[in-house]
Amino acid sequence: MVAVTLWGTMRQYANDQEKVEVQAATFKELCDALIRDYPGMQPQIERGVSLAIDGRIYKEAWFTPISADSEVVLMPFMQGG
Amino acid sequence: MKNTHIATKVNGDGVEFTCEPDETLLEVLRNRLGLTGTKEGCGTGDCGACSVLVNGRLVCSCLVLAVETQGAEVSTIEGMASGDGLHILQQTFIDHAALQCGICTPGILIAAKALLDKNPSPTDSELRFWLAGNLCRCTGYDKIISAVQAAAAKMRAA
Amino acid sequence: MNYVSKIRKFKQVGTRPARPDGDDKVTGRALYGADTVAPGMLMAAVLRSPHAHAQIVSIDFSAALAHDGVKAVVTGADLVAQDEGSLRDIQENCLATTRVLYDGHAVAAVAALTLKAAQEALKLIKVEYSALPHVIEVDDAMRADAPIVQSGRALENVPEGFSQNVTYHCQFGHGDTDAGFALADEIVTRSFKTAATHQGYIEPHACLAQMTTDGKAELWCCTQGQYNVRDICSALLGLEGSQLRVTASEIGGGFGGKTNVFIEPLALALSHKSGRPVKLVMSRSEVFRATGPTVSSSIDVKIGMTRDGRITAGRAELRYSGGAFPNETVSMGAQSAFAAYDMAAVETLGWNVLTNRPKEAAYRAPGAPMAIYAVESVVDELSQILNLDPIDVRLKNAARKGSKSSYGPTFDDVGLIETLEAAKAHPHYQAPLGPNQGRGLSAGFWFNFGGNTCVSLNVNTDGTISVIEGNPDIGGSRASISLMAAEELGVPYEKIRTIIADTASLGHNDITDGSRVTFSVGLATIKAAQDAIQKMCGRAAQIWGIDADAVTWEDGAAVPAGENAGKFPPLSLAEIAAVSFETGGPIAGHFEVNADGAGVSFGVHLCDAEVDPETGATKILRYTVFQDAGRAVHPSYVEGQMQGGAAQGIGWALNEEYIYGKDGRLQNSGFLDYRIPVASDLPRIDTVILEIPNPGHPYGVRGVGETPIVPPLGAVSNAVSRAIGKRLTQLPMSPPRILQAILKG
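Because the structure is predicted, anything quoted here is derived from the model rather than measured.

1. Focus on the overall build of chain A
When helices and strands are tallied, chain A shows 3 helices and 5 strands. Reading chain A from its N end, one meets helices and strands in the order β-α-β-α-α-β-β-β. The C-alpha radius of gyration computed for chain A amounts to 11 Å, which stays within 12% of the reference 12 Å derived for 81 residues, consistent with globular compactness. Projected onto the principal axes, the alpha-carbon positions of chain A cover approximately 30 × 30 × 20 Å. Residue burial in chain A is summarised as follows: out of 81 residues, 57% are buried.

2. What about the arrangement of the chains?
When the 2 pairs of chains in contact are compared, the highest contact count belongs to chains B and C. No part of chain A reaches chain B; the closest C-alpha pair between them is 14 Å apart.

3. Quick word on the domain arrangement of chain C
All names here are of chain C. Looking at chain C, the domain boundaries give domain 1 (22–29 + 450–595), domain 2 (42–132 + 204–251 + 258–290) and domain 3 (296–448 + 599–743). Look at where the C-alpha atoms of domain 1 and domain 2 centre, and you get two points 40 Å apart. Taken together, the contact pairs 18 residues of domain 1 with 16 residues of domain 2. When the area that domain 1 buries against domain 2 is broken down by residue, the three leading residues are Pro 472, Thr 503 and Ile 511, summing to 44%.

4. Describing the packing of aromatic side chains
Counted according to the given criterion, the structure contains 21 aromatic pairs over all chains. Taken together, a centroid distance of 5.8 Å and an interplanar angle of 75 degrees make the contact between Phe 411 of chain C and Phe 602 of chain C edge-to-face. Of this pair, Phe 411 of chain C sits in the loop between helix 12 (390–397) and helix 13 (416–425) while Phe 602 of chain C sits in strand 24 (residues 601–611), placing them 191 residues apart in sequence. This pair shows no difference in class: Phe 411 of chain C is buried, exactly as Phe 602 of chain C is. Their ring planes at 10 degrees and their centres at 5.4 Å tell us that Trp 544 of chain C and Phe 568 of chain C sit as a pair that is stacked. Residue Trp 544 of chain C is located in helix 16 (residues 517–544), and its partner Phe 568 of chain C is located in the loop between strand 21 (557–560) and strand 22 (571–572); the two are separated by 24 residues in the primary sequence. Residue Trp 544 of chain C is classed as buried on the basis of its relative accessible area of 12%. Taking the ring centre of Trp 62 of chain A as reference, the NZ or CZ of Lys 28 of chain A above it sits at 4.9 Å.

5. Comments concerning the side chain of Ser 482 of chain C
Residue and element names in this part refer to chain C. Mapped onto the fold, Ser 482 is located in helix 15 (residues 477–489). Residue Ser 482 is classed as buried on the basis of its relative accessible area of 1%. When sequence neighbours within four positions are dropped, the list of residues in contact with Ser 482 reads Tyr 493, Ile 496 and Thr 498.

6. Here's the deal with the nonpolar core
The biggest cluster of nonpolar side chains holds 219 residues, and the ones touching the most others in it are Leu 30 and Leu 74 of chain A, Phe 93 of chain B together with Leu 219, Val 301, Tyr 623 and Val 716 of chain C. The biggest single contributor to this core is helix 11 (residues 368–385) of chain C, with 10 residues.

7. Points about the interface of chain B and chain C
On the side of chain C, 51 residues touch chain B, which itself brings 43 residues to the contact. Summing both sides of the interface, chain B and chain C together bury roughly 3,800 Å²; the carbon and sulfur share of this comes to 55%. The three residues of chain B that bury the most area against chain C are Gln 100, Arg 128 and Arg 137 of chain B, which together make up 22% of that side's buried surface. On inspection of chain B and its partner chain C, the count reaches 8 salt bridges. Between Arg 684 of chain C and Asp 142 of chain B there is a salt bridge, with the nearest N and O atoms lying 3.4 Å from each other. Where chain B packs against chain C, one counts 29 residue pairs in polar contact (both at pLDDT 80 or more).

8. Observations concerning the sheet that holds strand 26 (residues 685–690) of chain C
Residues and elements named next belong to chain C. With mixed pairing, the 4 strands of this open sheet are ordered in space as 16-24-25-26. For this open sheet the edge positions go to strand 16 (437–446) and strand 26, each flanked by a neighbour on one side alone. The mean inter-strand angle of the sheet, taken between neighbouring strand axes irrespective of direction, is 15 degrees. Bridge count between strand 16 and strand 24: 10 bridges; the pairing is antiparallel. Its bridge partner being in strand 24, Ser 442 is matched across the sheet by His 605. Each of strand 16, strand 24, strand 25 (618–628) and strand 26 touches helix 13; the most contacted strand, strand 24, lies at about 30 degrees to it.

What counts and how
In this convention, every chain numbers its residues from 1, walking through the sequence in written order. Whichever chain is written first is A, and whichever ligand is written first is 1; the rest continue in order. The predicted origin of the model limits local features to residues at a pLDDT of at least 70 and limits the giving and counting of side-chain atom pairs to 80 or more, whereas totals for whole chains, interfaces and linings rest on all residues. Side-chain measures were taken over the full set of non-hydrogen atoms in the model, leaving aside hydrogen atoms and water. In this description a helix means any DSSP run of H or I spanning at least four residues, a strand means any run of E spanning at least two, and both kinds are numbered starting from the N terminus. With C-alpha atoms as the basis for the radius of gyration, the globule rule is written as 2.2 Å multiplied by the number of residues raised to the power 0.38. Buried means the residue's accessible area, taken with a 1.4 Å probe over protein chains only, is under 20% of the maximum for its type, while exposed means over 50%, and partly exposed covers the values in between. Whether two residues touch is decided by their heavy atoms; if any such pair falls within 4.5 Å, the residues are in contact. Residue ranges assigned to the domains are those given by an automatic or database domain assignment. Note on terms: buried area is the combined drop in 1.4 Å-probe accessible area of two parts once they are placed together, counting the loss on both. Pairs were defined over the aromatic rings of Phe, Tyr and Trp, the Trp ring being its six-membered one, requiring ring centres within 6.5 Å. Orientation was assigned from the angle between planes: stacked under 30 degrees, edge-to-face over 60, tilted for the rest. Working rule: Lys NZ or Arg CZ, within 6 Å of ring centre, within 35 degrees of ring normal, means a charge sits over the ring. Buried residues of nine kinds, namely Ala, Val, Leu, Ile, Met, Phe, Trp, Tyr and Cys, make up a nonpolar core once their side-chain atoms join them within 4.5 Å. A side-chain nitrogen of Lys or Arg and a carboxyl oxygen of Asp or Glu constitute a salt bridge if their distance falls within 4 Å. N or O atoms closer than or at 3.5 Å make up a polar contact, with two conditions inside protein: a donor-capable atom paired with an acceptor-capable one, and, for residues adjacent in sequence, both atoms drawn from side chains. Any two strands between which DSSP finds at least two bridges are classified as paired. Angles here are taken between N-to-C directions and fall from 0 to 180 degrees, while the axes themselves are lines fitted to C-alpha atoms, restricted in helices to the stretch in contact.

Have a look at this one:
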């Protein structure tokens, strides 16, 4: 299981928990698992999210591996200038 | 409107063109003479990207009517280098990284050369006020000031 | 993947060679968006809304079409209607279909033999409008009774009960802020406002489009991302991506404002209708009215601090408006507001609100400068109240390796402490101040991006190298990319030429944004060079008749290694290249990646300002930028980013703002009234580059382009506030506003 830290707005879809545990070994599996377990997150995840794994931020990278002891933080999809 | 025939000199070469009476020198340089090194940033004389010399005087070519250049001498960025050799100011701008996007560079080089021709040893303050009509959004002007001063020193020594 | 495992001695990275495009740019030869022509070319002009908000009842362009020299007219009906949210918004922003949402919103476009004929024809287009109520200010637009800019656009994250103008809500943070505030000896709560500002690139948007009847098209334009232009224009014109080739011209500044598409679909549609090439160039007024700007904001900040300067809790509520179309820029403000601090309890809330302003475009570190300005102002005020040194306060609370960031993840190596210490040790910080003078300090932060990138590196038979990359060069990146290729290959910088590919010549590359180019394209270039090196080692091994594994690459040559060491003289890159046809064909390296590991960037700015108490005018006396660049590949251009960002931030702090009349129309759409800093407004901008390597890049590079615009807002405001002895809370700090604060007593 992977413990995922949710940003504030996403917690309302997970019974106000700051962290949830899901079964996932990659970025894509994590997104799929979150949608399955917490359907309220689906619109945001489908619009786009980033994922910080051990402090490094990933976008659009399905197969990025996640290990069980990683720090995993869900973040909005970012755009820059 | 009826076109007017104009004979002038651009960068030392005799040039003839016809233009409408309300066409600006900038429009004629860019659209009729193919001299696109002079840039349009605003068209209202606020940014200095279109700086050229007319009879040795620094002007915004967007504020000069082309018909006013009858018999005049116009200097643009295309005339600054001689043959395959860059002007000291041009080379120093490259050496000092005084340009980023480069769109303001032709106008700033023309303006800087006009100053150094009159005043070979400007203070930083004189230089900053002289170039206040030439907007640069990339550099914060720091390296431009350094480059002009370095070029001025080289030109004085030459 | 972590790259920096050993200290590497660089031979070329860190030097300052001449940029490859320098000669073209100092001679006027470089071709920007408006500098090209095509045979038979028409000139185009755009009709724009004079209303802040109105229904389009009808458009009659028959008289315009009949005008002498006019070859085509297009309206919103000529673009392919999009279903999907963001593409649909771009389509509506390029050409309105049923409603105009801001002053300057495009309604129609004309192509004619001359620009003058096109402009005359615009006046013959009869648009019947039915004016609608408008709203300009973000706080007004949040009220329940505000005019609705667009309905039905709120995302699921917006709680019920808000105006329909509120389209997005976000919340970040950790810890118990109430408990944190209870521990504080001092709490400051302040409200701030910042104006919308424009990126202010000197080159107006420009393009030249050619579309043929068989569904092929060519587009030349000034853009930060030709692939993005291709994708959007293909959709709006119903073209296949492969058939639309977009070439990025030299670009006269972007700063985020040229990440968008505005006029390109219009030019393509006009070309399609007329069967001729069409050139379309914006006027400066159009640039101000219809492109950019950044968000305007209204922000509340509350911070608690102990007597000895430890922050106990922080809270910020950010209300941003990015104009008439939804965006989520506020999420980046909410994540970055407190990024410089290691906090036990932090909470930020963000709201995006629609107003009748132009569609926001990114501007250097979008969303961060205003949020960090507000936080840094309150930290400065607390330092004043508690009589503490503002750098010591920041050092005491600075984010560092292992800190839980305000947006969630734990920081790896970040250079904030080193940057603060450099500022503290700098002579600027100790220099005496005179009357009416103040010294301001602010930290700043940006995430930095990686993203989709590909690079091809061709080894030419004469031993020179062509690097092909896909990101427009805004500030000297070709020099940096060439330096990294030269470093990795071990050949002189002069042997390399880097060019920017069109969309048909290289795979997709993300936009030049997020400070990503030196990082991501640099990474891909190094990897492409390694790919080529591997192939060259293979060729050398074949020539020598030994295993490829037994060959290494040293100083630009293949060298036999292991048991073969010394058996053959090294084969240089040029020697291998010269016989490439004989040894298996041309040699090239490639690399494609969705790059991660960009590594955040912190900066600290010091500003001395003097305020004239009679007029309220501010003079910046001294300015120093300290920033962690990870590794400065070409230090001159790193300094240039730091100086340029600082100057833009100073303009934002002191002068620049979008000013609207009661009628909702923009009143200052020119450089005379929208005043960006000129040379005589600024002092020298000193720079101190820190190099704390980013573990996510082979050379330790961090993006440097965006962070420098973040600290100036707070640094200048803190300097001015200290100079006049009053806390200022609104940007820009124009002379009347400062005078008002002084006179209020």
